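A closer look at the structure
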Amino acid sequence: MIAPSTPVSGLKDPRWLAEWAPLAPLHQLTAPSVSGVGVTGGGLTTTPPSFIWDEWAGDAFPHALTPLGMGHAVWVTPAAHCTVTLTGNVPCCVVIPMAGVGNLTIVNQATAPVGVALWGDINQPVSVSVLHDHTAPVLVTSALRVGSGGNVTIQGVMSQSVCGVMDWTCQLMAPHAHVSIQGLHLGTDRSSLFTRSWLRHDGPDTTATQVVKSVGHGKSYSEYDGTVWVSHGAHGTDSTQRNPNLLLTSGARAVSKPQLRIYADDVTCGHGATVSQVSEDEWWYLRSRGLSRAGAYSLLIEAFIRDSIPTWSGDMAAFQTVLSGYLHAVADPNIGSRHVK
Amino acid sequence: MLDIQSLVASIGDEPILNGLSLHIPAGQVHAIMGPNGSGKSTLSKVLAGHPAYEVTSGSALLDGVSLLDLDPEERSLAGLFLAFQYPVEVPGVQNEAFLKMAYNAHRKANGLPEVDAVDFADALSGPMATVQLDDALLSRALNHGFSGGEKKRNEVLQMALLAPKMAILDEIDSGLDIDALRTVASAVNNLRSPDRSFLLITHYQRLLSYIVPDVVHIMVDGVIVKTGDPQLALEVEQRGYDWVTAS
């Protein structure tokens, strides 16, 4: 059983989450048959959750999930390839062991706060796609220990959420273990979207890439807080972090906190963050070919988004729906002005 | 076709065009030459509606339609095309998808139904053959990572596809090797017709050996200072711009 010895990034005191639901003591967690908890998907089995807390008492997930007031917990064992859709209307947490998983898509349409916890030892290629497209708060957290043969691709997309957090903790244990994190924040109104990552390179010659992009609109807030830790002896580590942000309104904000802690020699690590607006030159170029002002603007936002997740490994139709919905939400037929009189 | 009267334009507080007038009749090819900083590229950007430039007075009519009152996309749909000196790279927008959007925008503006992917491939095949662009560049992001020559071919491809009334080619010869220059010039010559006009902006007479203009203008300090036949370009090549301003 995995028991991360490393600190889990930043969620010990998430006061901004606590206001969304009253705290619920752990012993109140009940079986998944409670009405209002909706988890569907092919090849799923569920078991009562008490096992979780036997194994995890005092560890990362209870700390992370308790503030959401998770009155109910669901233990979900996915098939090798499946889509899990969350549709409940009461707060719940869903715990998913990742052993044996190949391709997992999680679509969150729940109307109540939801926590999702992914954990396990990974010694195989795995892709996880999490799509959150609802105003309810969401917290997705992982503790993955990536061993020999482990190749993890994590894609996390958050749209609409008033408060959304994706917290990816991965420990790269054996040579050539690889983790790729692709995050996308689609901010609107007053949404606050956070991606936090804690990647610990323990084995030599492990590699990781992180690209977390955000689009800000209204008074949305986006934060990327990513730590790469390279342990003693983890020579040959190659780990990169990128955090490009596109702000569409003057009220939108983006904060970037990439951090490197390197205790080994012979490593390659890099991080970069950018904040930009829609390029006037690109916009003008597209318009000079006859594309409408609003259409070209929307196309450039879509291009920024697609460039961050070039290959969506999850349910493509669901991704398209979220993307279209977002572009519609931020579309402004009056964007820009007639430039040359 | 294109009728520019006393055009004055600036960027920031810096005046670039200082009362420029130019008339290009239908079917003619005009060339503008001039020293660095004379305002040649500014003229092309102002006509295509670059947001950074401000027009303070003057007029520019395309077949009687005032370009300066139109948004950039409206100018395109009215039949104006600018082949950029430095085509903009747009990561994330697939070249072919962009071409289809532009093509359909023009069809829609002309009251024609939009075409699907199959019909668009047909429409694109002729222009593709003309400019000899590598097919692989269609599936790449628009101009992203293209070589200088590939970008210029892609500009001429767009021009051939959109079939404008008035095409401005801003230093279409820069960054081209001699073979690419011949291909691009041949594509432009193929598009010459009695109801289409061209404005070539160039530093070098060499381009004008391949695309022979009807009229050559020399531009200095934001105005046209001399106009003549193609022989004028040869004289400038031999004697320099000082000769023009001194004469």
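Note that residues are indexed from 1 along each chain, following the sequence as it is written. Following the order in which they are written, the chains are lettered starting with A and the ligands numbered starting with 1. It should be noted that, the model being predicted, local features are given only for residues of pLDDT at least 70 and side-chain atom pairs only at 80 or more, the latter also being counted only at that level, while totals for whole chains, interfaces and linings use all residues.

**Focus on the overall build of chain B**
Our working definition: Working definition: helices are DSSP H or I runs of at least four residues, strands are E runs of at least two. Numbering for both runs from the N terminus. The globule rule used here is 2.2 Å times the number of residues to the 0.38 power, and the radius of gyration it is set against is calculated over C-alpha atoms. Once C-beta atoms are placed from the backbone, each residue is buried if 20 or more other C-beta atoms lie within 10 Å of its own, exposed if 12 or fewer, and partly exposed for counts between those two. Here the contact rule is simple: place C-beta atoms from the backbone, and any two residues whose C-beta atoms are within 7 Å are in contact.
The helix and strand inventory of chain B stands at 9 helices and 12 strands. On C-alpha atoms alone, chain B measures out to a radius of gyration of 18 Å, which is about the 18 Å that the 2.2 N^0.38 rule sets for 247 residues. Overall, chain B is about 55 × 40 × 35 Å in size when its C-alpha atoms are taken along their principal axes. Burial statistics for chain B: of 247 residues in total, 46% are counted as buried. Considering only contacts in chain B between residues 6 or more positions apart, those separated by 24 or more positions represent 71%.

**Things to note about the nonpolar core**
In plain terms, the rule: Note on terminology: a nonpolar core is any set of buried Ala, Val, Leu, Ile, Met, Phe, Trp, Tyr and Cys residues joined through C-beta atoms within 7 Å.
Counting 156 residues, the largest nonpolar core has A:Val114, A:Leu144, B:Ala83, B:Val156, B:Ile168, B:Val184 and B:Leu200 as the members making the most contacts within it. Of the residues forming this core, the biggest block, 8 residues, is contributed by helix 5 (residues 293-308) of chain A. Contacts of B:Ile168, omitting those with residues within four sequence positions, involve B:Ser44, B:Leu47, B:Phe81, B:Leu82, B:Ala83, B:Leu199 and B:Ile201.

**As for the interface of chain A and chain B**
Stated formally: By the convention adopted, Pro, Cys, Tyr, Trp, Phe, Met, Ile, Leu, Val and Ala count as nonpolar, Lys, Arg, Asp and Glu as charged, and the other residues, Gly among them, as polar.
Of the residues lining the interface, 21 residues belong to chain A; the matching set on chain B comes to 25 residues. At the level of secondary structure, the elements contributing two or more residues to the side of chain A that touches chain B comprise helix 4 (280-287) and helix 5 of chain A. For the side of chain A that touches chain B, the per-class residue count stands at 7 nonpolar, 4 polar and 10 charged.

**Let's talk about the sheet that holds strand 12 (residues 223-228) of chain B**
Residue and element names in this part refer to chain B. Here is the rule: Criterion used throughout: strands pair if DSSP finds at least two bridges between them. Note on definitions: angles span 0 to 180 degrees between N-to-C directions of axes, and those axes are lines fitted to C-alpha atoms, for helices only across the stretch in contact.
Read from one edge of the open sheet, 6 strands run 6-9-10-3-11-12, paired in mixed fashion. Since the sheet does not close on itself, it has two edges, and those belong to strand 6 (80-83) and strand 12, each with one partner. Each neighbouring strand pair of the sheet contributes to a mean axis angle of 20°, computed without reference to strand direction. Bridge count for strand 3 (residues 29-33) against strand 11 (residues 215-220) is 4 bridges, and the pairing is parallel. Looking at strand 11, one finds that Met33 is bridged to Ile218. Relative to the sheet, helix 8 (residues 231-239) contacts strand 3, strand 11 and strand 12, its axis offset from that of strand 11 by approximately 40°.

**Let's talk about the sheet that holds strand 2 (residues 14-24) of chain B**
All names here are of chain B. The strand order across the open sheet built from 4 strands is 2-1-4-5, with neighbouring strands paired in antiparallel fashion. Of all strands in the sheet, those bounded by a partner on one side alone are strand 2 and strand 5 (65-66). Relative to strand 4 (residues 53-62), strand 1 (residues 2-11) runs antiparallel, the two being bridged by 8 bridges. Each bridged residue has a counterpart across the sheet, and for Ile4 the counterpart in strand 4 is Ala60.

**Quick word on the packing of helix 3 (residues 95-109) of chain B against helix 5 (residues 148-162) of chain B**
Residues and elements named next belong to chain B. What counts here: Angle categories are assigned with fixed cut-offs, so that under 35 degrees is roughly parallel, over 145 is roughly antiparallel, 65 to 115 is roughly perpendicular, and the rest are oblique. Note on convention: near helix rotated counterclockwise from far helix by under a right angle means a left-handed crossing. Clockwise means right-handed.
Contact geometry of helix 3 with helix 5 gives a least axis separation of 10 Å together with a crossing angle of 30°. On the basis of the axis angle, helix 3 is roughly parallel to helix 5. In the crossing of helix 3 with helix 5, the sense of the turn from one axis to the other is right-handed. Residue-level inspection shows Leu99, Ala102, Tyr103 and His106 of helix 3 in contact with helix 5, the latter providing Gln158, Leu161 and Leu162. Across the contact of helix 3 with helix 5, the residue classes tally to 5 nonpolar, 2 polar and no charged.

**A short note on the confidence of the model for chain B**
Cut-off, in case you're wondering: The predictor attaches a confidence to each residue, and that confidence, scored 0 to 100, is pLDDT.
Looking at chain B as a whole, its pLDDT mean stands at 92, while 100% of the residues score no less than 70. Both confidence scores are given for the complex: pTM 0.83, ipTM 0.95.

**Brief notes about unusual backbone geometry**
For A:Asp266, which is not glycine, the phi torsion reads 55° and is therefore positive. Mapped onto the secondary structure, A:Asp266 falls in the loop between strand 17 (253-262) and strand 18 (268-276). Residue B:Glu171 is not a glycine yet carries a positive backbone phi of 45°. By the secondary structure assignment, B:Glu171 is in the loop between strand 9 (166-170) and helix 6 (178-191). Judged by the 21 C-beta atoms lying within 10 Å of it, B:Glu171 is buried.

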